[in-house]
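Listed below are the residues making up each chain.
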Amino acid sequence: MSFERSARAALADEQLRGALRHATTLFGERRRAAMATLPDWEGARDRARAIKDETLLHLDRYLEEFTANAERAGARVHWARDAATACEIIGRIAAERGARTVVKSKSMASEEIHLNAALAARGLEPVETDLGEYIVQLAGEGPSHIVAPAIHKTRGQIAALFAEKLGVEPSDDVAALAAAARQTLRRRFAEADLGISGVNFAVAETGTILIVENEGNARLTTTLPRTHVALMGIEKVIPRFADLEVFLQLLPRSGTGQRMTAYQSLLTGAKRRPDDEGPEELHIVVLDNGRSAMLASPVTRQTLACIRCGACLNACPVYRQIGGHAYESVYAGPIGAVLSPQLFGLARSSELPYASSLCGACRDVCPVKIDIPALLLHLRAEVVGRRVGKGGVLERLAFSSYAAVMARPRLFEWVMRAARMLRILPPIGAWTKFRDLRPLAPQSFREQWRAGLRDQAAP
Amino acid sequence: MRTQGSQGVRTRFTEELAAAGAQCTVVCGAAEAGRALARTLAGVHARRVVGSDAPLVQRLLHALGDGFVLEPLDRLSRDELFACDAGVTTAQWGIAETGTLVLESAREKSRLLSLVPPTHVVLLSAGCICESLGDALARVSVASHAITLITGPSRTSDIELTPVVGVHGPQTLHVLLLEEA
Ligand code: SF4
């Protein structure tokens, strides 16, 4: 389905729009309240962005430093050029250890590479353990929001889903639903031999990875199984341990409107002594998958500053109406509209740079000040320049005629006169379907000028 | 780095703990800590209790008396651990501005006990409260392969953004703040 068609379908879904309205509005209110608790919000944004810019300028160096320090602490670091390589590496780690049950905590990168499908193809059973991810996995869907994967579902829909899949009594009580998931997932945690997590930040200076969460499922995933695999995009690295402070001030506030999430796990290598707690092995898979191409120019490079807080989704007037699935990409909303075409190819996502009114709300809320509107315009230019969009021929013809007419005053006047006489309007149905085009004036200004306005205007 | 453990910082810490949904009891000396621990455990109807290897925790647990079953941490299977009612650990640091506890793996075996049982009781020395996250980050050592920051009980808002406490981690987080006797 095209973006336009799926967006239209989403617009017709009253339940979806109710759920979205509720959630995105609440997210926005909580974010603003939490922001106010940090004395210098703007200063923190600037510092965070400066750290990201510095890192991205020397990303190769910081990645090498991170790798060396993580390995010195006992982790194994694997490099994956693309999605297939990453899936292959993780699949092999699982196979070599004879793993059967794989527990997963939230990782957008794993969604990006379709890791679950790859593991299932090897006969493994990956179980999502974040409540929201668990819900969408049970429903056979993908996440529709970076932070709240099941944001598109009402509690009634989730109750029906749990009744069907888990055999529990249907209940409208959110606590009862969460308890049902906890019970089922505890059994999976008890038998899991491999845990897969994402990474929020990776510290070059110490080789530490940091995982942020509220539920405790990421802690279980990274503590109970014998082997822990952490999957991270190359952009997750930051230079210094002390840099974590500003990001931990910005991320929870922007993401969920919390001053601090319940848990932060800072993991540096594998366990040191045999009787230490935790996994025996830590494997860190560092994923490129199209990211390094964004380093080439300053405009596209800032895409990699994103800390996946989800604030731009909640603020976006387009996302708020249609939700995440309409974007038909694991990354939805404003950041998805700029990330997806760069990761998965402009041809596959040529409509997404247009899924925006360019109002700038995303830029205003972004904790690392990514200029998403500028990126959208850059990508629109690419779509036109590389002629990958649909309806290219007519549109190009229209714009080149428009340019020709606008550049020649005589021709312009002649065309306008003809349009007035023949009462024809340009074929811009998509525009006029929702708006009225103002009728043409009976006489243009230039005609009025020549017919005497000039004399009246003279002193 | 500013004065750690000063009265202002301590007050802020206990206020923020409450705001994050944790309980806190201020205790003076080991004897009072022991009594508070027994009261706290009884308050959540905990029977099977497991403590970390921190000497203070072991001392207090062994003085608990009847009514509790002490599980040995080293010999617990996953299923036995899942059946425990409460885990008792210390925390190495507190962070006043957010009511956060900092647990370092090199200092104590507290990773699972602070996570798996439905109640987590934490002993923290009042002198170890830092003012800010930055202060705490400057103090911890990555000689610990796992440093865990804990702020309030486990929670989720994944269904209609409605807060629920106690999803995968503890539902109850109780801090016993130790003042010097
Ligand atoms: S682009 Fe900015 S606002 Fe959007 S998810 Fe990334 S960091 Fe958050």
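Everything that follows concerns the structure shown earlier in this document.
What you see is a predicted model; the values in this text were computed from it and never measured.

Reading guide: rules and limits
- Residues numbered from 1 in each chain as written.
- Chains lettered and ligands numbered in written order.
- Predicted model: local features only at pLDDT ≥ 70, side-chain atom pairs only at ≥ 80, totals over all residues.
- Heavy atoms only, no water.
- Near = heavy atom within 4 Å.
- Nonpolar A, V, L, I, M, F, W, Y, C, P; charged D, E, K, R; others polar.
- Contact = heavy atoms within 4.5 Å.
- Buried area = accessible area lost by both parts, 1.4 Å probe.
- Salt bridge = Lys/Arg side-chain N within 4 Å of Asp/Glu carboxyl O.
- Polar contact = N/O pair within 3.5 Å; in protein donor to acceptor, adjacent residues only side chain to side chain.
- Helix = DSSP H or I, 4+ residues; strand = E, 2+ residues; numbered from the N terminus.
- Pairing = 2+ DSSP bridges.
- Axes fitted to C-alpha atoms, helices over the stretch in contact; angles between N-to-C directions.

Participant: Residues and numbers for the site of the ligand, please.
Facilitator: Around the ligand, the neighbouring residues are Cys306, Ile307, Arg308, Cys309, Gly310, Cys312, Ile335, Cys366, Pro367, Val368, Ile370 and Ile372 of chain A. A class-by-class count of the residues in the shell around the ligand yields 10 nonpolar, one polar and one charged.

Participant: Talk me through the interface of chain A and chain B; I want residue IDs and the actual numbers.
Facilitator: Listed as interface residues are 66 residues of chain A and, on the opposing side, 48 residues of chain B. Of the roughly 4800 Å² buried at the junction of chain A and chain B (both faces included), carbon and sulfur atoms supply 56%. In this structure, the salt-bridge partner of Arg259 of chain A is Glu16 of chain B, at a minimum N-O distance of 2.2 Å. Seen at the junction of chain A and chain B, the total is 36 residue pairs in polar contact (both at pLDDT 80 or more). Secondary-structure elements contributing two or more residues to the side of chain A that touches chain B are helix 2 (14-35), helix 8 (131-138), helix 9 (155-166), helix 10 (174-191), helix 11 (217-223), helix 12 (244-255) and strand 9 (263-268) of chain A. Broken down by element, the residue count for the side of chain A that touches chain B peaks at 10 residues, all from helix 10 of chain A. Looking at side-chain class alone, the side of chain A that touches chain B contains 31 nonpolar, 18 polar and 17 charged residues. In this structure, strand 9 of chain A lies alongside strand 9 (residues 146-150) of chain B, joined through five bridges in antiparallel fashion.

Participant: Describe the sheet that holds strand 1 (residues 23-28) of chain B, listing the residues and the values that go with them.
Facilitator: All names here are of chain B. Strands sit in the order 1-12-7-4-2-3 across an open sheet of six strands; the sheet is parallel. In this open sheet, the two edge strands, each paired with only one partner strand, are strand 1 and strand 3 (69-71). Across this sheet, the average inter-strand angle for adjacent strands is 25 degrees, counted without regard to direction. When strand 4 (residues 86-90) meets strand 7 (residues 119-125), the two strands line up parallel, connected through five bridges. The residue of strand 7 that forms the bridge with Gly87 is His120. Against the sheet, helix 1 (residues 7-19) makes contact with strand 1, strand 7 and strand 12 (172-179), and its axis sits at roughly 165 degrees relative to strand 12, the strand it touches most. Packing against the sheet, helix 3 (residues 55-62) makes contact with strand 2 (48-51), strand 3, strand 4, strand 7 and strand 12, and its axis sits at approximately 150 degrees to strand 2.

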